[in-house]
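The chain contents come next:
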Amino acid sequence: PAALAARSAFLAPRAAPRVVAAPRPCPALTMKVVDDKKVVREYFNTKGFERWNRIYSEDGEVNKVQLDIRTGHAQTVAKVRSP
């Protein structure tokens, strides 16, 4: 017993049991099928048309990004129309 006690002093203490989280499902297996045309149609028939109309019509207030788009569009049209 004395030899066993001396020997056990050199043994590493046991590690506490690990807690492992349950595995998460693979995203590729849980992805939903999206009808892209439906998503675009729904967007354009609501908010998208309002934004498009505000950018490409000459009247109405626009934010900085919309103004940049409007200006760039006008420059593109001018280049295409010039001889």
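Residues numbered from 1 in each chain as written. Predicted model: local features only at pLDDT ≥ 70, side-chain atom pairs only at ≥ 80, totals over all residues. Heavy atoms only, no water.

Student: Run through the packing of aromatic side chains, naming residues and quoting values.
Tutor: Scanning all chains against the criterion turns up 4 aromatic pairs. Ring geometry for Phe44 against Phe49: centres 5.9 Å apart, planes inclined by 80 degrees, an arrangement best described as edge-to-face. Among the residues examined, Phe44 registers a relative accessible area of 37% and is labelled partly exposed. Of the aromatic side chains, those joined through ring pairs into one cluster are Phe44, Phe49, Trp52 and Tyr56. (Phe/Tyr/Trp six-rings, centres within 6.5 Å; stacked < 30°, edge-to-face > 60°. Buried < 20%, exposed > 50% of the residue type's maximum accessible area, 1.4 Å probe, protein only.)

Student: Describe helix 3 (residues 36-56), listing the residues and the values that go with them.
Tutor: Taking 1.5 Å per residue, 21 residues should reach 30 Å; helix 3 reaches only 24 Å between its end C-alpha atoms and comes up short. Remark: the principal bend of helix 3, roughly 60 degrees, maps to Gly48. (Helix = DSSP H or I, 4+ residues; strand = E, 2+ residues; numbered from the N terminus. Expected span 1.5 Å × (residues − 1). Bend = angle between axes of the 7 residues up to and from the residue.)

Student: Mind laying out the pattern of salt bridges, listing which residues take part and the relevant values?
Tutor: Within the structure shown, the criterion is met by 1 salt bridge. Salt-bridge contacts for Asp68 lead to Lys64; the nearest nitrogen and oxygen are separated by 3.3 Å. Taken together, the residues Asp68 and Lys64, both in helix 4 (residues 64-81) and 4 residues apart, mark about one turn of the helix. Note on Lys64: relative accessible area 62%, which makes it exposed. (Salt bridge = Lys/Arg side-chain N within 4 Å of Asp/Glu carboxyl O.)

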